[in-house]
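Overview (structure and organization)
One-letter residues, chain by chain:
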Amino acid sequence: MSVFLTLLFLSLRMINPMKKGQTLSYVVILYILSGSVSGYASARLYKFHAGKAWKRATFLTAAGFPGFLFTLFVLLNLFLHLSLGKASVAVSFWTMLLMFVLWICVSSPLVFLGAFFGFKAVKITVPTKTTQIARFVPETHSWFVKFPHCSLMAGVLPFGSVLIELSFIMNALWINQIYYIFGFITIVIFVFTLSCSTMSMVMCYCQLCNEDYKWWWKSFYNGASCGFYLFLYSVWYLFVHLELVGFLSIMLYISYMGLICFAFGLYCGSIGLFSSFWFCRKIYGAVKVD
């Protein structure tokens, strides 16, 4: 959500694209303020699955992904300080302290606030009843519905839809080129999101046709595989377009691109999961049960 809002502000010229630090600050601030959205979505989904440990679920929502990013970010900066002393690429202690305070005092309370309204909302219903005894999933001979073949195949088309634009984004990130066609990239991301959800629904339908009802995690992996392809592209970009010298430079590039690919995979996996959930509710709601 924060990335979409940042792209919208950039398209409307409310943010100067020439100032990369200002753009990054807007992304961080909007991500912190969108904590209520993540808390609400996780609470609605957890309530649908009849979960009881709502405090633990909300805490993991508030601390899981931000805590992982912050911990790895601190470790990387600590390594830079120990290796190079006052390195120019290292972030100051006060900046990291400010990020920690914003996470604990702003983002986390917003997550709990969103989770409060999510648990108070009406429980999501399904159009049909399910049996309490799990059915046996028959062995299938269709290779494209087996894991991980289905996930790897589902991520090819969505990733291919942004492959050309991705080269310009990577040049702007690592070769200091200026990127200012933010209206076009907003459309590209919309097309990518649509293709990612469509492929997840198609693979979910193929899985259901083979009488495999365990589609929840597979639908997430179907979308998250785009993050895996992005990481492969970043490794190819490192050896073809960049001329990094030294272990430290390569380690920083792999670490930061790993964080970006991980966040990208979570976004795509969430799109695949919610799209497949919506698709299953629609198709089973159209079934006429006498």
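Residues numbered from 1 in each chain as written. Predicted model: local features only at pLDDT ≥ 70, side-chain atom pairs only at ≥ 80, totals over all residues. Heavy atoms only, no water.

1. As for the overall build of the protein chain
As a reminder, the rule being used: A run of DSSP states H or I qualifies as a helix once it reaches four residues; a run of E qualifies as a strand once it reaches two. Both are numbered from the N-terminal end. Accessibility here uses a 1.4 Å probe with only protein chains present; expressed as a share of the type maximum, an area under 20% marks a residue as buried, one over 50% as exposed, and anything in between as partly exposed. Two residues form a contact once any of their heavy atoms are found within 4.5 Å. Reported accessibility uses the Shrake-Rupley method at a 1.4 Å probe radius. Residues are deemed covered only where the shown protein chains occlude them.
For the protein chain, the count of helices and strands is eleven helices and zero strands. Tracing the protein chain from N to C terminus, the helices and strands come up as α-α-α-α-α-α-α-α-α-α-α. Across the 290 residues of the protein chain, 36% fall into the buried class. The long-range share in the protein chain, meaning contacts at least 24 apart out of those at least 6 apart in sequence, stands at 78%. Of the roughly 17,800 Å² that the protein chain leaves accessible, carbon and sulfur atoms contribute 73%.

2. Notes on helix α8 (residues 163-174)
We count it as follows: Given a helix with a known number of residues, its expected span is that number minus one, times 1.5 Å.
Over its twelve residues, α8 extends 17 Å from the first C-alpha to the last, a length consistent with the 16 Å expected when each residue adds 1.5 Å. Residues E165, L166, M170, N171 and A172 constitute the buried set of α8. At the exit of α8 stands N176, carrying a positive phi of roughly 60°.

3. Some details on the side chain of T193
What counts here: The definition of a polar contact used here is a pair of N or O atoms within 3.5 Å, where within protein one atom must be able to donate a hydrogen and the other to accept one, and adjacent residues in sequence count solely through side-chain atom pairs.
Examined against the element boundaries, T193 turns out to sit in helix α9 (residues 182-209). Since its relative accessible area comes to 16%, T193 is described here as buried. Within the structure, T193 has its side chain in polar contact with the backbone oxygen of I189 (distance 2.8 Å).

4. Quick look at unusual backbone geometry
Of note in this structure, A50 is not a glycine but carries a positive phi near 60°. Its location among the elements puts A50 in the loop between α3 (35-48) and α4 (54-84).

5. Remarks on the packing of α3 against helix α5 (residues 93-120)
In plain terms, the rule: Convention adopted: a line fitted to C-alpha atoms gives each axis, helices being fitted over their contacting stretch, and angles between N-to-C directions are expressed from 0 to 180 degrees. The sense of a crossing depends on the near helix, which, turned anticlockwise from the far helix by less than a right angle, makes the crossing left-handed and, turned clockwise, makes it right-handed. Think of it as three bins: nonpolar holds Ala, Val, Leu, Ile, Met, Phe, Trp, Tyr, Cys and Pro, charged holds Asp, Glu, Lys and Arg, and polar takes everything else, Gly as well.
One way to put it is that α3 packs onto α5 with a least axis distance of 6 Å and a crossing angle of 35°. Seen from above, α3 lies across α5 with right-handed handedness. Counted together, G35, S36, S38, G39, Y40, A43, R44, Y46 and K47 of α3 and S107, L110, V111, G114, A115, F117, G118, F119 and K120 of α5 form the full contact between these two elements. Classifying every residue of the contact of α3 with α5 by side-chain character gives eight nonpolar, seven polar and three charged.

6. Re the confidence of the model for the protein chain
The following threshold applies: pLDDT is a residue-level measure of predictor confidence that goes from 0 to 100.
Chain-level pLDDT for the protein chain is 82 on average; 89% of the residues reach the 70-or-more range. Of all secondary-structure elements in the protein chain, the lowest mean pLDDT belongs to helix α1 (residues 2-11), at 69, while helix α10 (residues 216-240) reaches the highest, 90.

7. Considering the packing of aromatic side chains
The condition that has to hold: Note on ring pairs: Phe, Tyr and Trp rings are taken, using the six-membered ring of Trp, and paired if centres are within 6.5 Å. Classes follow the plane angle, with under 30 degrees stacked, over 60 edge-to-face and the rest tilted.
All told, the structure shown has 25 aromatic pairs when counted by the stated rule. With 5.5 Å between their ring centres and 40° between their planes, Y233 and W236 make a pair best called tilted. Of this pair, Y233 and W236 both sit in helix α10, three residues apart, roughly one helical turn. The class of W236 is partly exposed, set by a relative accessible area of 43%. The rings of F159, F228, Y229, Y233, W236 and Y237 are connected pair by pair, giving a single aromatic cluster.

8. Some thoughts on the environment of C268
Structurally, C268 can be placed in helix α11 (residues 247-285). Classification of C268 by relative accessible area gives buried; the value is 0%. Separated by 72 residues in the primary sequence, C268 and C196 have C-alpha atoms spaced 6.9 Å apart. Aside from chain neighbours lying at most four places away, what touches C268 is F192, C196, G223, A224 and C226.

9. Overview of the nonpolar core
To be explicit about the condition: Think of a nonpolar core as a cluster: buried Ala, Val, Leu, Ile, Met, Phe, Trp, Tyr and Cys residues, connected wherever their side-chain atoms sit within 4.5 Å.
Core analysis: the largest hydrophobic core is formed by twelve residues, namely F159, L166, M170, Y229, L230, Y233, Y237, L238, L242, Y253, M257 and C261. Elements with a contribution of two residues or more to this core: α8, α10 and α11. Looking at this core, the element that brings in the most residues is α10, giving five residues. Excluding anything up to four places from it in sequence, L238 contacts L244, I250, Y253 and I254.

10. Examining a nonpolar patch on the surface
Inclusion rule: By definition, no residue in a patch forms a salt bridge, and every one has over 30% relative accessible area; like charges are joined within 9 Å, nonpolar side chains (Val, Leu, Ile, Met, Phe, Trp, Tyr) within 5 Å. The rule for a salt bridge is simple: a side-chain nitrogen of Lys or Arg has to be within 4 Å of a carboxyl oxygen of Asp or Glu.
Where nonpolar side chains cluster on the molecular surface, the patch consists of F93, W94, L97, F100, V101 and I104 and spans about 600 Å² of accessible area. Secondary-structure assignment places W94 in helix α5.

11. Concerning the side chain of S197
Positionally, S197 belongs in helix α9. Within polar-contact distance, the side chain of S197 engages the backbone oxygen of L194 at 2.8 Å.

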